[in-house]
Amino acid sequence: MSFEAPQPLTNSENPVDGTRLVQAFIENIKAHDHLLDLGARDGWVEQMAFSKEPNLTVTAVDKMSDEELAKELIRSERVRDERITWVITDVVEYVRSLAKDQKFQGILAQNIFQFLDKKVVLKELLPRLQQSIAPGGQLAIRTFSAEPEPPFEKPFTSLYRSDDLLSLFPEQQWDIRINSANKLNLNSLRNDKRDFSLVDFQAVKKK
Ligand SMILES: C[S@@+](CC[C@H](N)C(=O)[O-])C[C@H]1O[C@@H](n2cnc3c(N)ncnc32)[C@H](O)[C@@H]1O
């Protein structure tokens, strides 16, 4: 069994559970924020966020086609929300094409980096995403440090240690709110229980 030893949370009030990162992300959202969700699936996180802040602007990026998204929304019993702008493309291409002056107050990358090339994520995407966060804005990441148990048929492309992320966020510029690795028994999207070795990370850009 190989997973990182859990590290203490900087914010001990956040419970370590399946939605811990999402809760922390939503807690930090302010009225009129513009959020970016990478690998957003059906936009469930933003739909939760709208009940706290109804006037958010959201850009949701996912490679799912319109038809697949429609099926996902039916499956999750949600409706397409006008406040979400869907960009159907590859997240790497999307991040590469971001305008230099485009800023978001919050970026969420939950359960997506494990599908991408690690070198591209660490050397290219994360530096680019850091530039795209407005002062006071947040970046929240959940990804995997080991394959699930039992594993899926197809292994992930990349696995991460929380240090891989932390080393890119100098403390002069970033307030690290969450930096932990935990093994949690959660429902997968296939609705079966698995042990997931998760890295959760949340950083707020200092003003
Ligand atoms: C495991 S789901 C996670 C969804 C959501 N973020 C969550 O935490 O529930 C991964 C999502 O990322 C999308 N995805 C995977 N690789 C992608 C890529 N290279 N570009 C865009 N979307 C991608 C999939 O279509 C899927 O909707």
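### Observations regarding the overall build of the protein
Right, so step 1: When you go through the protein residue by residue, the secondary structure sums to six helices and seven strands.
Right, so step 2: In the protein, the succession of helices and strands from N to C terminus is α-β-α-β-α-β-α-β-α-β-α-β-β.
Right, so step 3: The C-alpha radius of gyration computed for the protein amounts to 16 Å, which stays within 12% of the reference 17 Å derived for 207 residues, consistent with globular compactness.
Right, so step 4: The dimensions of the protein, computed from C-alpha atoms along their principal axes, are 45 × 45 × 35 Å.
Right, so step 5: Across the 207 residues in the protein, those meeting the buried criterion constitute 30%.
Right, so step 6: Nonlocal contacts in the protein, meaning residues at least 24 apart in sequence, comprise 72% of its contacts between residues at least 6 apart.

### Side note on the environment of Lys-207
Right, so step 1: Within the secondary structure, Lys-207 sits in the segment after strand 7 (193–205).
Right, so step 2: You can call Lys-207 exposed: it has 8 C-beta atoms within 10 Å.
Right, so step 3: Lys-207 sits 188 residues away from Thr-19 along the chain, and the two C-alpha atoms are 27 Å apart.
Right, so step 4: Apart from the residues lying within four places of it in its own chain, the contact partners of Lys-207 are Pro-135 and Gly-136.

### So, the site of the ligand
Right, so step 1: Around the ligand, the surrounding shell consists of Gly-39, Ala-40, Arg-41, Asp-62, Lys-63, Met-64, Asp-90, Val-91, Gln-110, Asn-111, Ile-112 and Phe-115.
Right, so step 2: Taken together, the residues of the shell around the ligand break down into five nonpolar, three polar and four charged.

### Quick word on the pairing of strand 5 (residues 133–149)
Right, so step 1: Bridge analysis of strand 4 (residues 104–110) against strand 5 gives six bridges, and the strand direction is parallel. In the sheet register, Leu-108 faces strand 5, and the bridge partner there is Ala-140.
Right, so step 2: Since strand 4 and strand 5 lie parallel, the crossover through helix 5 (residues 118–131) that links them has a hand, and here it is right-handed.

### Describing helix 1 (residues 20–27)
Residues spaced three or four apart along an α-helix face the same direction, because each turn holds 3.6 residues.
Right, so step 1: Arg-20, Leu-21, Ala-24, Phe-25 and Ile-26 are the residues of helix 1 that are buried.
Right, so step 2: Turning to helix 1, the residues buried within the fold contact helix 2 (44–52), strand 4, strand 5, strand 6 (174–187) and strand 7.

### Things to note about the pairing of strand 1 (residues 34–38)
Side-chain direction in a regular strand flips from residue to residue, so the side chains alternate between the two faces of the sheet.
Right, so step 1: Across the five residues that make up strand 1, a large majority, four, are buried.
Right, so step 2: In the sheet, strand 1 pairs with strand 2 (residues 57–62) via five bridges, with the strands oriented parallel. For Leu-36, the partnering residue across the bridge sits in strand 2 and is Thr-59.
Right, so step 3: Pairing analysis gives three bridges linking strand 1 to strand 4, with the strands arranged parallel. Its bridge partner lying in strand 4, Leu-35 is registered against Gly-106.

### Focus on helix 2
Right, so step 1: Regarding helix 2, the residues found buried are Val-45, Glu-46 and Ala-49. Down the axis of helix 2, the buried set is contained in an arc of 90°. They therefore lie on one face.
Right, so step 2: Residues of helix 2 that are buried make contact with helix 1, strand 1, strand 2, strand 3 (84–88) and strand 4.

### Considering the sheet that holds strand 2
Right, so step 1: As summarised here, the arrangement of the seven strands in space is 3-2-1-4-5-7-6, forming an open sheet in which the pairing is mixed. Across the chains shown, the open sheet's two edge strands, defined by having one partner strand only, are strand 3 and strand 6. Strand-to-strand, the axes of this sheet are offset by a mean angle of 15°, without reference to chain direction.

Reading the values: rules and limits
- Residues numbered from 1 in each chain as written.
- Predicted model: local features only at pLDDT ≥ 70, side-chain atom pairs only at ≥ 80, totals over all residues.
- Helix = DSSP H or I, 4+ residues; strand = E, 2+ residues; numbered from the N terminus.
- Rg over C-alpha atoms; globule rule 2.2 N^0.38 Å.
- Buried ≥ 20, exposed ≤ 12 C-beta atoms within 10 Å, placed from the backbone.
- Contact = placed C-beta atoms within 7 Å.
- Near = placed C-beta within 6 Å.
- Nonpolar A, V, L, I, M, F, W, Y, C, P; charged D, E, K, R; others polar.
- Pairing = 2+ DSSP bridges.
- Right-handed = clockwise from strand over helix to strand, strands pointing away.
- Arc of directions from axis to C-beta.
- Axes fitted to C-alpha atoms, helices over the stretch in contact; angles between N-to-C directions.

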